[in-house]
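Here is what each chain is made of, one letter per residue.
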Amino acid sequence: MLSFLIKHSLVFMFVAALLGFSFPKYSQLLFPFLPYVLFSLMVLTLLSMKQSALIKMMMKPIVWQYAFYHAFGLMALCVGVSWAAGIEGELVLAIGAVAATGSLFATPAIIRVLGLDSLMAMAMTIASTLVLPIAIYVLLLVSQSGDIALDIQTYCIRLIVFVFGPMFCSFLLHYFLAPQKVTTFLQTTSPYTVLLVFAFPFGMIGDFRFMWDETPNIAYQYLGIATLLCSVFFLSGFALYCKQGVSIALITAVTSANRNVLLTYTIAGTLLGPAFLPLAGAVQVPTYLLPVMAKWLAKRLK
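What this report covers is the structure whose coordinates are included nearby. (Residues numbered from 1 in each chain as written. Predicted model: local features only at pLDDT ≥ 70, side-chain atom pairs only at ≥ 80, totals over all residues. Heavy atoms only, no water.)

1. Details of the overall build of the protein chain
Phase 1 of the analysis: Counting its secondary structure elements, the protein chain contains 18 helices and zero strands.
Phase 2 of the analysis: In terms of overall size, the protein chain behaves like a compact globule, its C-alpha atoms giving a radius of gyration of 18 Å where 302 residues would be expected to give roughly 19 Å.
Phase 3 of the analysis: Dimensions along the principal axes, computed over C-alpha positions, put the protein chain at roughly 60 × 40 × 40 Å.
Phase 4 of the analysis: Relative to its 302 residues, the protein chain shows a buried fraction of 54%.
Phase 5 of the analysis: Sequence separation of 24 or more characterises 83% of the internal contacts of the protein chain that already satisfy a separation of 6 or more.
Phase 6 of the analysis: Summed over all atoms, the accessible surface of the protein chain reaches about 13,700 Å², with 69% contributed by carbon and sulfur.
Phase 7 of the analysis: Computed over 15 positive and 8 negative side-chain charges, the separation of the two mean positions in the protein chain equals 26 Å. (Helix = DSSP H or I, 4+ residues; strand = E, 2+ residues; numbered from the N terminus. Rg over C-alpha atoms; globule rule 2.2 N^0.38 Å. Buried < 20%, exposed > 50% of the residue type's maximum accessible area, 1.4 Å probe, protein only. Contact = heavy atoms within 4.5 Å. Areas by Shrake-Rupley, 256 points an atom, 1.4 Å probe, with all protein chains shown as cover. Lys, Arg positive; Asp, Glu negative; His and termini not counted. Charge placed at Lys NZ, Arg CZ, Asp CG, Glu CD.)

2. Concerning the nonpolar core
Phase 1 of the analysis: In terms of nonpolar packing, the biggest core is built from 106 residues, with Leu54 and Leu279 touching the most fellow members.
Phase 2 of the analysis: Setting aside chain neighbours within four positions, we find Leu279 in contact with Ala94, Ile95, Val98, Tyr222, Ile225, Ala226 and Leu229.
Phase 3 of the analysis: Listed in part, the five residues of the second largest apolar core include Val43, Leu47, Leu173 and Leu186. (Core = buried A, V, L, I, M, F, W, Y, C linked by side-chain atoms within 4.5 Å.)

3. Side note on empty space enclosed by the protein
Phase 1 of the analysis: For the structure shown, the criterion picks out one cavity of 30 Å³ or more.
Phase 2 of the analysis: Around the largest cavity, the lining residues are Leu104, Phe200, Met204, Arg259, Asn260, Val261, Leu262, Gln284 and Tyr288.
Phase 3 of the analysis: At the level of secondary structure, the elements contributing two or more residues to the lining of the largest cavity comprise helix 13 (199-204), helix 17 (261-268) and helix 18 (276-301).
Phase 4 of the analysis: Each residue belonging to the lining of the largest cavity can be placed in one class, and the counts come to six nonpolar, two polar and one charged. (1 Å grid on protein atoms, 1.4 Å probe; cavity = no way out; pocket = protein on both sides within 12 Å on 5 of 7 lines; lining within 4 Å. Points joined across faces, edges and corners; volume = space filled by probe spheres on them. Nonpolar A, V, L, I, M, F, W, Y, C, P; charged D, E, K, R; others polar.)

4. Some remarks on the environment of Thr129
Phase 1 of the analysis: You can see Thr129 is positioned in helix 9 (residues 118-130).
Phase 2 of the analysis: Sequence spacing of Thr129 and Ala71 is 58 residues, and the spatial spacing of their C-alpha atoms is 9.0 Å.
Phase 3 of the analysis: Those residues in contact with Thr129 that lie beyond four places of it in its chain are Gly102, Ser103, Phe105, Tyr155, Leu159 and Leu263.

This is the structure we're talking about:
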């Protein structure tokens, strides 16, 4: 059963989003535990990478060029188009916040399932996460009046816990254990890395389902906006980096489409307005459908 789930994990990630939509109470029960799942996922993912290689990858200009495109470029594009389309207020703020959000920490696991370079995906994920608070602050400056108080302390603590902590654990493991033992350990734990990803689409979609029950017409609009956003993220990432090769273009596209909306909400909280969590829930559907399409696309391009 486990091997079947792993083999078809990309499809089951999308199924997890549908299950969370079908059982919103259970989705909301899981929501408070997602940070713990995130930590476990980061530890298991980073343990499979040599930290010296990851740091070397993060020093490449392409990674930071991607991070600024991911946060500032897409945020400016999405907010500008929203204003031009006549969208105002809370929904524009929510759209801008999703566009500024760093990549989901589950992305390297998804990229590995696609058979692509998870090390580059992790470097891009970390870089986009580091520029996230600056992008959110800029968004709030142009969209709100009054005092802005981002929870930077919480953000820094989460960076230490979810990024630098697992990196340090990985460094210690590779330093003190023989390579053969590390390989054996990773072969044992790697299937569970993918299974942990299922928790995110399931646990993030509850607020969107409650909106669907109360105001279905608005929920349809949010789902349409979420689908359009993810499509823009995916297609623009692929188009901008296609000259670098099909593999890098697909890595960029999938990494760009995956958004760590949970971390953004943790940082900015109620400053993002009441529209953010329902939109973040709606984003889960296209987010976890895109990797399935990316796998199909990768086969066709190869």
